[in-house]
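Given next are the chains, with one letter for each unit.
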Amino acid sequence: MRAMKKIVILISGRGSNMQAIVRAAQAEKWPCRIAAVISNRADAEGLRFAAEHGIPTDVVVSKEFSNREAFDTALRGAIDRFSPDLVVLAGFMRILTPPFVEHYSGRMLNIHPSLLPSFPGLATHRQALDAGVKVHGATVHFVTADLDHGPIVAQAAVPLLPDDDEHTLADRVLAQEHVIYPRAVRWFVEGRLKIENGLVRVLEERAQPANT
Ligand code: GRF
């Protein structure tokens, strides 16, 4: 029997990706426990969902820290209380310092609303519309110190339609985020992600013995 992996999810707002992951983990009975949901904002909507689902929550208010290093040190303390195997950034709107990223190297995932390496940074849907690309999408990647550039785990593409604005496009991309992020986290939990030379290989699903 595989050990239960512990996951800490970081959010800053609505937390719909976090909700998709929690729901999939429960419905598909992943061998993991969502150990905590932590926010850098006390008013993050997603905290209520987590609490209602019996998941411990914590808040480390970024505005109360005078610099990034101090915040990241406090955040790391809050996360490591739960000894996570995986840290999941789900709409966590903070740039993280290199020592923080290094501490979670190979065990921290992020979702970015574009087909990386196109359109890193903010306002990705605006960037896609302005560039006139015909497909856009979302990317799940391991987090490295190079913002929005870590090894890619999963991607989903959506078409740009003639009447799209940032909102219609964001909605179409978000629906795909809710598909690929749970899938990628599940792969990690199942031990199926291997980083080789900066590229991610997804190992075949291991056959499960009958009666389990
Ligand atoms: C998502 O589009 C995610 O890709 C981006 O911020 C948004 C967060 O949405 N980083 P939610 O908080 O998961 O609902």
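Residues numbered from 1 in each chain as written. Predicted model: local features only at pLDDT ≥ 70, side-chain atom pairs only at ≥ 80, totals over all residues. Heavy atoms only, no water.

Caption draft 1: Spotlight on the site of the ligand. Contacts to the ligand come from R14, G15, S16, N17, G91, I111, P113, L174 and E177. In the model, an oxygen atom of the ligand is placed 2.9 Å from a nitrogen or oxygen of the N17 main chain. Protein coverage of the free-state accessible area of the ligand, which is 360 Å², stands at 84%. At a threshold of 2 Å from the grid points, most atoms of the ligand map onto the largest pocket. At the level of elements, α1 (16-27) and α6 (166-189) are the ones that each hand at least two residues to the shell around the ligand. Split by residue class, the shell around the ligand holds three nonpolar, four polar and two charged. (Near = heavy atom within 4 Å. Polar contact = N/O pair within 3.5 Å; in protein donor to acceptor, adjacent residues only side chain to side chain. Areas by Shrake-Rupley, 256 points an atom, 1.4 Å probe, with all protein chains shown as cover. 1 Å grid on protein atoms, 1.4 Å probe; cavity = no way out; pocket = protein on both sides within 12 Å on 5 of 7 lines; lining within 4 Å. Sits in = over half its atoms within 2 Å of the grid points. Helix = DSSP H or I, 4+ residues; strand = E, 2+ residues; numbered from the N terminus. Nonpolar A, V, L, I, M, F, W, Y, C, P; charged D, E, K, R; others polar.)

Caption draft 2: Main features of the layout of surface pockets. Taken as a whole, the largest pocket spans an internal volume of roughly 1,100 Å³. Considering the residues around the largest pocket, the lining is formed by 38 residues, among which G91, F92, M93, I111 and P113 are closest to the centre. Among the secondary structure elements, those contributing two or more residues to the lining of the largest pocket are α1, β5 (108-112), α5 (124-131) and α6. At four residues, α6 tops the list of elements feeding residues into the lining of the largest pocket. Here the lining of the largest pocket is composed, by residue class, of 16 nonpolar, 14 polar and eight charged. (Points joined across faces, edges and corners; volume = space filled by probe spheres on them.)

Caption draft 3: Structural view of the nonpolar core. Residues I7, I9, V88, V140, V153, Y181 and V185 are the most contacted members of the largest nonpolar core, which totals 43 residues. No other element matches the nine residues that α6 contributes to this core. If we ignore the near neighbours within four places in the chain, the residues touching V153 are L109, V140, H141, F142, A184, W187, L193, V200 and V202. If you look at the next biggest cluster of nonpolar residues, it comprises 20 residues, including A35, A36, I38 and A78. (Core = buried A, V, L, I, M, F, W, Y, C linked by side-chain atoms within 4.5 Å. Buried < 20%, exposed > 50% of the residue type's maximum accessible area, 1.4 Å probe, protein only. Contact = heavy atoms within 4.5 Å.)

Caption draft 4: Looking closely at the environment of E205. With respect to the element layout, E205 can be found in the segment after β9 (199-202). Ignoring anything within four residues of it in the chain, the contact list for E205 reads R186 and R192.

Caption draft 5: Quick look at the sheet that holds β5. Pairing is mixed in the open sheet, where seven strands are placed in the order β3-β2-β1-β4-β5-β6-β7. Looking at strand neighbours, the two that pair on one side only are β3 (57-59) and β7 (152-159), the edges of this open sheet. Across the sheet, the axes of successive neighbouring strands diverge by a mean angle of 20 degrees, strand direction being ignored. Across four bridges, strand β1 (residues 5-11) lies against strand β4 (residues 86-89) in parallel orientation. Pairing of I9 across the sheet is with V88, part of β4. (Pairing = 2+ DSSP bridges. Axes fitted to C-alpha atoms, helices over the stretch in contact; angles between N-to-C directions.)

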